[in-house]
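Examination of the molecular architecture
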Amino acid sequence: MSALVSQHGLFILIGVIVLLQAAAGLRDRGNANRWIGALFWALFSLPFLFGDTLVQDWGPAAAYRAAGIVVVALALLAGSGRVRARGELQQRPAPAPPPTFRLLTPALLIPVVTLLCVTLLVKLKFGSLPLLDTANPTLTALGVAGVCALLAGWALTGGTPLLAVSESRRLFGAAGDALVLPQMLAMLGGVFIAAHTGDAVQHLAVSAIAPGQRLLPVVIYGLGMALFTMVMGNAFAAFPVMSAGIALPYLIQGQGAHAAPLLAMGMYCGYCGTLLTPMAANFNMVPAALLDLRDRYKVIKVQAPTALCLLAINIALIYCLAF
Amino acid sequence: MQQWLPLLGVPVMVLGFALRLNALLVVLIAGALTGWANGLDFDALLQLFGQKFLAARQLAAFVLVLPVIGLLEHYGLKTRIRELVVRRRAATAARILMLYFVLRDLTGVLGMPQTAGQVQTVRPLLAPMVEAAAEARHGELPAPVRELLRAHAAACDNIAIFFSEDIFIAFGAVLLIDAFLKDSGIAGITPLQIGLWGIPTALCALAVHFLRLARLDAAIERQVREHRAAATVGP
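Residues numbered from 1 in each chain as written. Chains lettered and ligands numbered in written order. Predicted model: local features only at pLDDT ≥ 70, side-chain atom pairs only at ≥ 80, totals over all residues.

Another point: the overall build of chain B. Of the regular secondary structure elements, chain B holds 12 helices and zero strands. Each helix and strand of chain B, ordered N terminal to C terminal, gives the series α-α-α-α-α-α-α-α-α-α-α-α. Rg of the C-alpha trace for chain B: 23 Å, well past the compact-globule value of 18 Å for 235 residues, more than 25% over. Principal axes of the C-alpha set define a box for chain B whose edges measure 60 × 55 × 35 Å. In chain B, of all internal contacts separated by at least 6 residues, the share reaching a separation of at least 24 is 73%. (Helix = DSSP H or I, 4+ residues; strand = E, 2+ residues; numbered from the N terminus. Rg over C-alpha atoms; globule rule 2.2 N^0.38 Å. Contact = placed C-beta atoms within 7 Å.)

This next bit is on the domain arrangement of chain A. Residue and element names in this part refer to chain A. Considered domain by domain, chain A is made up of domain 1 (7-179) and domain 2 (196-321). Here the C-alpha centroids of domain 1 and domain 2 sit 33 Å apart. Classifying every residue of the side of domain 1 that touches domain 2 gives five nonpolar, no polar and no charged. (Domains from an automatic or database assignment. Nonpolar A, V, L, I, M, F, W, Y, C, P; charged D, E, K, R; others polar.)

Attention now moves to helix H13 (residues 281-290) of chain A. In terms of burial, H13(A) is a largely internal element, 10 of the 10 residues being buried. Considered for burial, the residues of H13(A) that qualify are Ala281(A), Asn282(A), Phe283(A), Asn284(A), Met285(A), Val286(A), Pro287(A), Ala288(A), Ala289(A) and Leu290(A). The elements touched by buried residues of H13(A) are helix H7 (169-175), helix H8 (181-194), helix H12 (259-274) and helix H14 (298-321) of chain A together with helix H7 (118-138) and helix H8 (143-162) of chain B. Downstream of H13(A) by one or two residues, Asp292(A) has phi in the positive range, about 60°. (Buried ≥ 20, exposed ≤ 12 C-beta atoms within 10 Å, placed from the backbone.)

Residue and element names in this part refer to chain B. Residue-level pLDDT values for chain B average 88, and 97% of them are 70 or greater. Across chain B, the element-wise mean pLDDT spans from 84 in helix H1 (residues 9-18) up to 95 in H8. Across the assembled chains, the prediction reports ipTM 0.91 with pTM 0.90. (pLDDT = per-residue confidence, 0-100.)

In this assembly, 96 residues from chain B lie in contact with 116 residues from chain A. For the side of chain B that touches chain A, the element with the highest residue contribution is helix H3 (residues 42-55) of chain B, accounting for 10 residues. Considering only residue class, the side of chain B that touches chain A consists of 59 nonpolar, 28 polar and nine charged.

Right, let's talk about the domain arrangement of chain B for a bit. For interface size, the figure often reported is the accessible area lost on association. Per the domain assignment, the segments of chain B are domain 1 (2-55) and domain 2 (62-232). The distance between the C-alpha centroids of domain 1 of chain B and domain 2 of chain B comes to 32 Å.

All right, on to helix H9 (residues 197-206) of chain A then. Think of an α-helix as 3.6 residues a turn; residues three or four steps apart then line up on the same face. Residue and element names in this part refer to chain A. Listed as buried for H9 are Thr-197, Gly-198, Ala-200, Val-201 and Ala-205. The buried residues of H9 occupy an angular sector of 160° when the element is viewed end-on, so they sit on one face. For H9, the elements touching its buried residues are H8, helix H10 (215-232) and helix H11 (235-255). (Arc of directions from axis to C-beta.)

Turning to unusual backbone geometry, a few remarks are in order. Apart from glycine, the bulk of residues carry a negative phi angle, and the bulk of peptide bonds sit in the trans form. Despite not being glycine, Asp292(A) has its phi angle at roughly 60°, a positive value. Inspection of the secondary structure puts Asp292(A) in the loop between H13 and H14. Assessed through the 15 C-beta atoms surrounding it within 10 Å, Asp292(A) is described here as partly exposed. Phi angles above zero are rare outside glycine, and Arg20(B) is one such case at about 60°. Examined against the element boundaries, Arg20(B) turns out to sit in the loop between H1 and helix H2 (23-37).

In this section: the packing of H11(A) against H12(A). Residue and element names in this part refer to chain A. Contact geometry for H11 and H12: axes closest at 10 Å, N-to-C directions at 140°. Judged by the inter-axis angle, H11 sits oblique to H12. Of the two elements, H11 crosses H12, and the hand of that crossing is right-handed. Between H11 and H12, the contacting residues are Ala-235, Ala-238, Phe-239, Ser-243, Ala-247, Leu-251 and Ile-252 on the first element and Ala-259, Leu-262, Leu-263, Gly-266, Met-267, Gly-270, Tyr-271, Gly-273 and Thr-274 on the second. For the contact of H11 with H12, a count of residues per class yields 11 nonpolar, five polar and no charged. (Axes fitted to C-alpha atoms, helices over the stretch in contact; angles between N-to-C directions. Parallel < 35°, antiparallel > 145°, perpendicular 65-115°, else oblique. Left-handed = near helix turned anticlockwise from the far one by under 90°.)

Okay, here's the thing in structure tokens:
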């Protein structure tokens, strides 16, 4: 065990919450899609509940194959278009609303506890065992904050964690398979990397550049960062490819550009791409699903004017400040 | 020809998303085609899928926060937030978004991006506040305006955090740039310099987005008015 609150433990907790969704959803007799939905959530819980154990017991190859089969099954179920809840969800009688501070305290606890996690708790140790797993700070912080807020909610409203999981099925049901999208897209990014997509993109970008130019490579670097980020859904994946392919040979070595502003702003060009792509699902698609937006691309559409403006400004800034 | 094969998945994604096919299915097809075009057999592809899917499990971290949101909304969190916002006359949708933008910038600059986010703060707090503020001023909101405001809440969080977290020197992006510089044999650039060069864009992001938000309240009023006018015109 690497820490008291470990990544493995949090994965199990995620698995349990997702599996309980499957059970809770089955009671919604008004939901015409409840069986497909339950099967979908039950399948999605498996990699969290058993992923680590299987890799240890079966060896990587067999465990990855099993996870691959789950992935294909999830996609096929989603493709049937019947994962999202349809029809009336069972309404519990609305309880007498508790005073404002009792409701707001647990909600505000989420950012406050996260703050404590990243500043203080991360340093706490019991003997040689750290309290928090530092390998993945976001996961740990969300886990601790989620559980603390849930307990506070229980104490202040009287609603049990089981009721909480059952009531969150509205969120799961409305969002449906969009909640699995971030992982699927990260998987696709992994396949792209395995297929050397970066080399092809680099080849494509470089083919337009002649040595001795300054403006054109700057524009291609900035646009390339944005476009390749849109393909990968992640600026960190695009950065080494575009920087090694264009920034280093044509701008830093070829034109004597200052590396610090060039690369810092080049990364920002990639972030402009992140704002524009459904591939960055955890930023653009999951929020749209959780906020119950009918237009799944609405968040991207609202971000687009700012993102395009900033991309142009960024490219201009590189041209002015890096030389 | 051979060199373009790795890109085969990209047009598939674009086409699939444009046709609004189910996203998971499109991703699966794009992945399978890309793998197949690059000589992976079925079993190797299945294993690659599984490996990458398992490696990306931390992306589901938001699931850990959904139960408490479900619980609080069951007990009427949205109603309570509405009551709080409505009492403050100065709180308009755009002003709340601007305030949140600045606070979110601070979490980034101080290196604490996890303290807020789409699931932690936007869904339970910011979106209901923005909606309630607009409702208090303009009355019942038509569905498209409601969607626009919610999308603005999500966008505000993304834009503010993306263009501020790079200023903090221990953030992943700065470390990645630093590692790239070392690999490329470029010496003499400290993470602090990289962080400082993030400031011009961060300020531009703030300026550009605030200019847009400054016009949001008026845009909402116009849309609500147009919607009412359209609704009262009989056949």
